[in-house]
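Chain and residue survey
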Amino acid sequence: MRNDEKGQGLLELVISLPIIAVLLISLSTAFLYFLKLYTFSLSEFELQEQVRMPMERIVRELTYAEKVEIYGNTLRIWIWNDIGRQQSVTYSLDKSKLFKDAQPLTGGNKLGDIMITKFRCVQKKPEVIFVEIEGRNRLTQHHFSLESAVRLHRKKGNNVQNKFY
Amino acid sequence: MARENGFFLLETVLLGLILMAAAEAFLLYSTTEHMRINSEAATTAAFLAQEQLALAEGQDVETLSQAVTLPWLGEGDAVEKNGYHYEVETILQETVGDMSLREVTVNISWTENHKNKKMSFQRVVKCRD
């Protein structure tokens, strides 16, 4: 064995091991922290999506509505379907979820625990319907709400009265 | 001199990789957060503009044919939504060629991360038969 073939001494090992441990723990903690924040951000995107998507649908259907009925947390829109028959779609808020014709429009999200906290429809002016949807991310406790208004463009000669309760 | 050793290339590369991974995680979060804030504010602004356009369209014929600007027509005096303050400016102009129509422009502006953002929406409305 040659004289210059030296490995690490016990003292060097004893000193270096805690340093490496502290370094690795700090790095993994920082990494996990940012990963958690990243997950929070993605769940916030889910919150936006869960509020924006039903709002877009409702606004689109209200634009072509023939008749509108509002009963508290329920909005019924009468539209002409593709074969020229009148049909209604009903939007309602029940158990923190928005429903369209008894089918859930929101929920089923993977990251955040999203609940719809407010669904409000009000007649602002004759032929103008105001809609507000608010959601809450239970993971981050963040609220997100959207509001809009739609002027009904009914066919000429349609004198059907809207109902608001 | 028996032990004049500095850092090995491998040690430097490994340390660099660990630091890069940590920086990447931070960058990932910061980019996503920036996109989220931007998307949140822009979506809110778009729906507010749609609301203002619908309420403007629902104004009486006299207002629609004579007004040059309109105040915020929605609920409340100021537009505070999702933690942002939005300025809503509504301008009504004549259209070329058809005096029964007027062009309504809604400009929505807000401040986001110390930067001024603005979106504009236009719609032509009928003000006379």
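Cut-off values and rules
- Residues numbered from 1 in each chain as written.
- Chains lettered and ligands numbered in written order.
- Predicted model: local features only at pLDDT ≥ 70, side-chain atom pairs only at ≥ 80, totals over all residues.
- Helix = DSSP H or I, 4+ residues; strand = E, 2+ residues; numbered from the N terminus.
- Rg over C-alpha atoms; globule rule 2.2 N^0.38 Å.
- Buried ≥ 20, exposed ≤ 12 C-beta atoms within 10 Å, placed from the backbone.
- Contact = placed C-beta atoms within 7 Å.
- Core = buried A, V, L, I, M, F, W, Y, C linked by C-beta atoms within 7 Å.
- Pairing = 2+ DSSP bridges.
- Axes fitted to C-alpha atoms, helices over the stretch in contact; angles between N-to-C directions.
- pLDDT = per-residue confidence, 0-100.

On a plain count of helices and strands, chain B comes out with two helices and five strands. By the compact-globule yardstick of 14 Å for 129 residues, chain B is too spread out, its C-alpha radius of gyration being 27 Å. Taken along its principal axes, the extent of the C-alpha atoms in chain B is 100 × 35 × 15 Å. Taken across its 129 residues, chain B has 22% of its residues classed as buried. Restricting to contacts in chain B with at least 6 residues of sequence separation, those with at least 24 account for 52%.

This paragraph deals with the interface of chain A and chain B. Across the boundary between the two partners, chain A contributes 27 residues, which contact 24 residues of chain B. Secondary structure elements with two or more residues in the side of chain A that touches chain B: helix 1 (10-63), strand 6 (114-125) and strand 8 (142-151) of chain A. In terms of residue count, helix 1 of chain A provides more of the side of chain A that touches chain B than any other element does, 14 residues in total.

One broad trend across soluble globular proteins is that nonpolar side chains are buried collectively. Among the nonpolar cores identified, the biggest contains 43 residues, and Leu62(A), Ile129(A), Leu48(B) and Ile108(B) are the most heavily contacted of them. Not counting residues within four places of it along the chain, the set of residues in contact with Leu62(A) comprises Val68(A), Ile77(A), Ile129(A), Val150(A) and Leu152(A).

The antiparallel open sheet is built from three strands, whose spatial order is 6-7-8 (chain A). Across the chains shown, the open sheet's two edge strands, defined by having one partner strand only, are strand 6 and strand 8 of chain A. Each strand axis lies, on average, 15° off the axis of its neighbour in the sheet, ignoring direction. Judged from the 10 bridges that link them, strand 6 of chain A and strand 7 (residues 128-137) of chain A form a sheet pairing that is antiparallel. Paired with Met115(A) across the two strands is Arg136(A), which belongs to strand 7 of chain A. Helix 1 of chain A rests against strand 6, strand 7 and strand 8 of chain A of the sheet, and its axis sits at about 15° to strand 8 of chain A. Together, strand 6, strand 7 and strand 8 of chain A form the strand contacts of helix 1 (residues 9-57) of chain B, whose direction differs from that of strand 8 of chain A by roughly 25°.

Before going further, it helps to spend a moment on unusual backbone geometry. The phi dihedral of Ala102(A) is positive, around 70°, even though this residue is not glycine. Here Ala102(A) shows up in the loop between strand 4 (97-100) and strand 5 (103-104). With 8 C-beta atoms counted inside 10 Å, the residue Ala102(A) sits in the exposed group. Positive phi outside glycine occurs at Asn82(B), with the angle close to 50°. Here Asn82(B) is to be found in the loop between strand 2 (79-81) and strand 3 (84-94). You can call Asn82(B) partly exposed: it has 18 C-beta atoms within 10 Å.

On to the confidence of the model for chain B, then. Residues and elements named next belong to chain B. On average, chain B scores 85 in pLDDT, and the residues at 70 or more come to 92%. Here helix 2 (residues 61-66) stands out as the element of chain B with the lowest mean pLDDT, 84, in contrast to strand 4 (residues 101-112), whose mean of 92 is the highest. Both scores are available for the predicted complex, with the pTM at 0.80 and the ipTM at 0.79.

What follows is about the pairing of strand 2 (residues 74-80) of chain A. Residue and element names in this part refer to chain A. Where strand 1 (residues 67-71) meets strand 2, five bridges bridge the pair, whose relative direction is antiparallel. The residue of strand 2 that forms the bridge with Lys67 is Trp78. Turn length for the strand 1-strand 2 hairpin, with the two strands adjacent in sequence and antiparallel, is two residues, and the turn residue Gly72 shows positive phi of about 60°. In the sheet, strand 2 pairs with strand 3 (residues 86-94) via seven bridges, with the strands oriented antiparallel.

This part covers the environment of His142(A). Residue and element names in this part refer to chain A. For His142, the location among the structural elements is in strand 8. For His142, a count of 17 C-beta atoms within 10 Å gives the class partly exposed. As for His142 and Ile114, which are separated by 28 residues in sequence, their C-alpha atoms are 9.8 Å apart. Apart from the residues within four sequence positions on either side, His142 is in contact with Glu44, Leu47 and Asn137.

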